[in-house]
Amino acid sequence: MTEIEKSFLAILRDALHPEDKITDLKADWAAVFDIAKKQNLFPLVYDAATAYPSFTSFDDSHLEYFVAAAASMTAQMQKTDAFLSLYKSFLSAGLSPITMKGIICRDLYGERADFRPSGDEDILIEKRDYAKAVAVLESCGYRKDANPDKNMTVVHEVTFYNDELTVELHLNPFGTSSSIRQKMNDWFRNVFQSEETVDIKGVPVRTMTPTDHFLFLAFHTFKHFTTGGFGIRMMLDILLFVEKYGERIDWSYAEKGLIDIGASGFMADLVEIGNHYLGFKLLQRYQPVCPEELLSDMYSVGIFGNGNKTHLTARRIVEDTVQKGKSNKSRLSSYFRRLFPTWKSWCAWRPYLKDRPWMVIPEWFKRVGRYLRHETSMGNLSEINESYEIAEHRLELLKKYNIL
């Protein structure tokens, strides 16, 4: 780990656990903020940085960082207000969707809630309430991004958006495109039977019980880990959630869920990182595997592991390998599988194909076009090789967690 990366973690520690605050921190602030942007934690890190005396001279000569942080926080406040307004409309219509991560995780950051950005808000509904939920969204000016199949048999989520906010309307938490996602969904079959709510700015927002939401956050992060990877912000959400709700989590039940999907060692490493670098004092319930390597992976891939074309290609290679349950025999075979996906994969990506299967032909031509544009723009194939090197490194890490 580099000195800049250590400084980044020290700033996060001071932001989250100020009782351990150090006197000062001398850092390459521009480099620290580059990491913060990659990890989608820039407003939080900037706000924490202002407490250091050594930051003053840098801040005075770099007004653009203040402007960027203020703009991000303001935009997030507007998104928060937009979601709460929408949620009140759901309540008025007799619906109370389950809210997952997003605003629930931001609430964990206390007075810095809107310093933790969210790209969208995720809500979970029962299939029987889909039409009613769509009516509420449309009445509030939200537009649908794409049409699912008419029987709602494959769809994982439907995206709605307006000028202020994007909302992901889920019919199941994780989708059905792989066996591990289906296994994850099985742990949330009874999630609608609870009535857990969190008061956010006077609005009673329904969410999962602490046990279920912990498992959801852990599963969600693990899902990203087995594809493109995940960033430090997702780890913070889990650790802060355990810090706040740990006494209400049924740990014997949660342990069964983590073991079922093979994530107990993964969770142990997150706790190890949090306790060692970020000032958490969480009970270590499992045996760590390779926390330093996991932390290095978080730094490498950024928030979702798809920040550029090279990482996006690597993500597809890893995802394909995990779904097959074994390492790719060759790079050529990997290319072939991505150019010619299974029908099940097509329906997971484009649910409307269930009703109009012939449309797979133009979808396939668009896929090939995107694929070729990506590769021919690389010129000498060096970036393709870089994608495979990233993927192979990540696959070796997955093997350490017995995912492969």
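Structural data are supplied above this passage.
All figures in this text were calculated on a predicted structure; none of them were measured in a lab.

S.K.: How should I be thinking about the pattern of salt bridges in this particular structure?
M.R.: It is possible for side chains of opposite charge to pair when their charged atoms get near one another. Applying the stated criterion across every chain yields a total of 17 salt bridges. One salt bridge in this structure joins Lys-244 and Asp-107, with 3.6 Å as the shortest N-O distance. With Lys-244 in helix H10 (residues 232-245) and Asp-107 in the loop between helix H6 (103-106) and strand E2 (121-124), this residue pair connects regions lying 137 residues apart in the sequence. Of the residues examined, Lys-244 reaches a relative accessible area of 45% and is grouped as partly exposed. Overall, the relative accessible area of 24% leaves Asp-107 in the partly exposed class. A salt bridge links Lys-399 to Glu-396; its shortest N-O distance comes to 3.1 Å. You can see Lys-399 and its partner Glu-396 sitting in helix H18 (residues 382-400), 3 residues apart, about one turn around the helix. Judged by relative accessible area, Lys-399 falls into the partly exposed class, the value being 35%. Salt bridges sharing partners connect three or more residues here, namely Arg-106, Asp-114 and Glu-121.

S.K.: I tried to follow the pairing of strand E4 (residues 157-161) on my own but got confused; where do I start?
M.R.: The side chains of a regular strand alternate between both faces of the sheet. The pairing of strand E3 (residues 143-144) with E4 spans 2 bridges and is classified as antiparallel. If you follow Lys-144 over to E4, its bridge partner there is Phe-160. For E4 and strand E5 (residues 166-170), the ladder comprises 5 bridges, and the chain directions are antiparallel. Bridge pairing in E5 links Glu-157 to His-170. Connecting E4 to the next strand, E5, in antiparallel fashion are 4 residues.

S.K.: Looking at this model, I keep getting lost on the packing of helix H9 (residues 210-225) against helix H11 (residues 251-261). Mind explaining?
M.R.: The packing of two helices is summarised by the inter-axis angle and the distance between the axes. The N-to-C vectors of H9 and H11 enclose an angle of 20 degrees; their axes lie 10 Å apart at closest approach. The angle between the axes of H9 and H11 places the two elements in the roughly parallel class. Considering the relative orientation of H9 and H11, their crossing is right-handed. In contact with Thr-211, Asp-212, Phe-214, Leu-215, Ala-218, Phe-219 and Phe-222 of H9, H11 contributes Trp-251, Tyr-253, Ala-254, Gly-257, Leu-258 and Ile-261. The residue inventory of the contact of H9 with H11, partitioned by class, reads 10 nonpolar, 2 polar and 1 charged.

S.K.: Quick question: what am I supposed to make of the sheet that holds strand E1 (residues 98-100) here?
M.R.: The pairing of strands in a sheet happens through backbone hydrogen bonds and is either parallel or antiparallel. Read from one edge of the open sheet, 5 strands run E1-E2-E5-E4-E3, paired in mixed fashion. Of all strands in the sheet, those with a lone pairing partner are E1 and E3, marking the two edges. Here E1 pairs with E2 via 3 bridges, running antiparallel. Looking at the pairing, Ile-98 lines up with Leu-124 of E2.

S.K.: Mind showing me how you'd approach helix H8 (residues 179-186) here?
M.R.: Residues three or four positions apart in an α-helix share a direction because the helix packs 3.6 residues into each turn. When we look at burial in H8, the residues that qualify are Arg-181, Met-184 and Asn-185. Seen along its axis, H8 keeps its buried residues to an arc of 100 degrees; they face one direction.

S.K.: I'm lost on the nonpolar core in this one. Help?
M.R.: Most often, soluble globular proteins have nonpolar side chains that are buried together. Formed by 119 residues in total, the largest nonpolar core has its most connected members in Phe-8, Phe-33, Phe-214, Phe-225 and Ile-232. The biggest single contributor to this core is H10, with 10 residues. Setting aside chain neighbours within four positions, we find Ile-232 in contact with Phe-8, Leu-9, Leu-12, Gln-39, Leu-41, Leu-295, Met-298 and Tyr-299.

S.K.: What is the right way to read the packing of helix H1 (residues 3-16) against H10 from this model?
M.R.: Following both chains from N to C, one finds H1 and H10 inclined at 30 degrees, their axes separated by 13 Å at the closest point. Classified by the angle between their axes, H1 and H10 sit roughly parallel to one another. Like other packed secondary-structure pairs, H1 and H10 cross with a definite hand, here right-handed. Residue-level inspection shows Phe-8, Leu-9, Leu-12 and Leu-16 of H1 in contact with H10, the latter providing Ile-232, Leu-236 and Leu-240. Residues belonging to the contact of H1 with H10 are distributed by class as follows: 7 nonpolar, no polar and no charged.

Calculation rules
- Residues numbered from 1 in each chain as written.
- Predicted model: local features only at pLDDT ≥ 70, side-chain atom pairs only at ≥ 80, totals over all residues.
- Heavy atoms only, no water.
- Salt bridge = Lys/Arg side-chain N within 4 Å of Asp/Glu carboxyl O.
- Helix = DSSP H or I, 4+ residues; strand = E, 2+ residues; numbered from the N terminus.
- Buried < 20%, exposed > 50% of the residue type's maximum accessible area, 1.4 Å probe, protein only.
- Pairing = 2+ DSSP bridges.
- Axes fitted to C-alpha atoms, helices over the stretch in contact; angles between N-to-C directions.
- Parallel < 35°, antiparallel > 145°, perpendicular 65-115°, else oblique.
- Left-handed = near helix turned anticlockwise from the far one by under 90°.
- Contact = heavy atoms within 4.5 Å.
- Nonpolar A, V, L, I, M, F, W, Y, C, P; charged D, E, K, R; others polar.
- Arc of directions from axis to C-beta.
- Core = buried A, V, L, I, M, F, W, Y, C linked by side-chain atoms within 4.5 Å.

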